[in-house]
Structure formats: structure tokens, C-alpha cells
Amino acid sequence: MANQSHKYPDGFSVNEVVKKNGARYSLVLNTPTPDAKLTLFVLMMNPSSADGEDSDPTVNKLLRTLGASGKYKKVVIVNTTQLLKPTVTI
């Protein structure tokens, strides 16, 4: 599955990506419900390939299950380590 492109689910868009020297520190996404009052904060183990252009299977699963609930205006993803994992295995 390496180098496979994944689009973000419909209605989700990238608000901000904090990335430096090959490390992703955070990913902030807008949800399809901008009038919601809550922001979902998610702590994950390590980033894979999701960035400002493409998503990945793990982020998409998170967005489809929690982010699409209609409760959140934004989803903020941070990781316990910032080093990007070169391939995704599910």
C-alpha cells in the first residue's frame, strides 16, 4: 500500500499541517459541521502519510467514525512521536 493516494472523506478539509524536517507535529482538519461547538483532540502513536494533500487509511477511519458525528467543528491530530512512518500496514 505504499505510495497509495487516499483522499480525505467528503466535507473534510485540511486547516493546518505543522511539519518540519520530515517530521509532522500536528494535523488540523475542518469537519463538515463548521457550526459545531467542539474540537476533537486525538493523540495517536505516530504519523503515517497524511498531510495537506492526501490522507491515509488510519486518519480516514478516524474521520468517518468520530469526526463525522456532527459534534465537532475541527479535528486536531497530534502524535507521541513526530517521525513519519514510511509505509502503512493495516
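Note that the coordinates shown come from a computational prediction; the quantities given were computed from them, not determined experimentally.

1. Side note on the sheet that holds strand E1 (residues 13-20)
Next up, step 1: Across the sheet, four strands lie side by side as E1-E2-E4-E3; this open sheet has mixed pairing. The open sheet has two edge strands with one neighbour each: E1 and strand E3 (38-44). Here the average twist between neighbouring strands, direction ignored, is 15 degrees.
Next up, step 2: Bridge count for E3 against strand E4 (residues 72-79) is seven bridges, and the pairing is parallel. In the sheet register, Leu43 faces E4, and the bridge partner there is Val78.
Next up, step 3: Across the sheet, helix H1 (residues 57-65) touches strand E2 (23-30), E3 and E4, and the angle it forms with E4 is around 145 degrees.

2. A closer look at the environment of Ser13
Next up, step 1: By secondary structure assignment, the location of Ser13 is in strand E1.
Next up, step 2: Assessed through its relative accessible area of 34%, Ser13 is described here as partly exposed.
Next up, step 3: Along the sequence, Ser13 and Val28 sit 15 residues apart, while their C-alpha atoms lie 8.8 Å from each other.
Next up, step 4: Once residues lying within four places of it in the same chain are set aside, the contact partners of Ser13 are Val28, Leu29 and Asn30.

3. Notes on the pairing of E1
Next up, step 1: Sheet analysis places E1 next to E2, joined by seven bridges and oriented antiparallel. Among the inter-strand pairings, Lys19 is bridged to a residue of E2, identified as Arg24.
Next up, step 2: Counted along the chain from E1 to the antiparallel partner E2, the turn is two residues long, and its residue Asn21 has a positive phi close to 50 degrees.

4. Some remarks on the environment of Gly70
Next up, step 1: Within the fold, Gly70 resides in the loop between H1 and E4.
Next up, step 2: Placed 33 residues apart in sequence, Gly70 and Lys37 show a C-alpha to C-alpha distance of 9.9 Å.
Next up, step 3: Ignoring sequence-local partners within four residues, the contact set of Gly70 consists of Thr33 and Ala36.

5. Here we look at the pattern of salt bridges
Next up, step 1: Within the structure shown, the criterion is met by one salt bridge.
Next up, step 2: Across the pair Lys7 and Asp54 runs a salt bridge whose closest N-O atoms are separated by 3.5 Å. Of this pair, Lys7 sits in the segment before E1 while Asp54 sits in the loop between E3 and H1, and the two are 47 residues apart along the sequence.
Next up, step 3: Judged by its relative accessible area of 24%, Asp54 falls in the partly exposed class.

Cut-offs used in this document
Numbers given for residues are sequential positions, taken from 1 along each chain in its written order. Given that this is a predicted model, residues contribute local features only at a pLDDT of at least 70 and side-chain atom pairs are listed and counted only at 80 or more, while totals for whole chains, interfaces and linings are drawn from all residues. Side-chain numbers here rest on the full set of heavy atoms in the structure, without hydrogens or water. A pair of strands is labelled paired if DSSP reports no fewer than 2 bridges between them. Strands are runs of DSSP state E lasting at least 2 residues, helices are runs of H or I lasting at least 4, and numbering of each runs from the N terminus. Only the stretch in contact is used when fitting a helix axis, every axis being a line fitted to C-alpha atoms; angles between N-to-C directions are given from 0 to 180 degrees. Two residues qualify as a contact provided that any one of their heavy atoms is within 4.5 Å of a heavy atom in the partner residue. Each residue gets one of three labels from its accessible area relative to the maximum for its type: buried under 20%, exposed over 50%, partly exposed in between, using a 1.4 Å probe on protein chains only. Salt bridge, as used here: a side-chain nitrogen of Lys or Arg that lies within 4 Å of a carboxyl oxygen of Asp or Glu.

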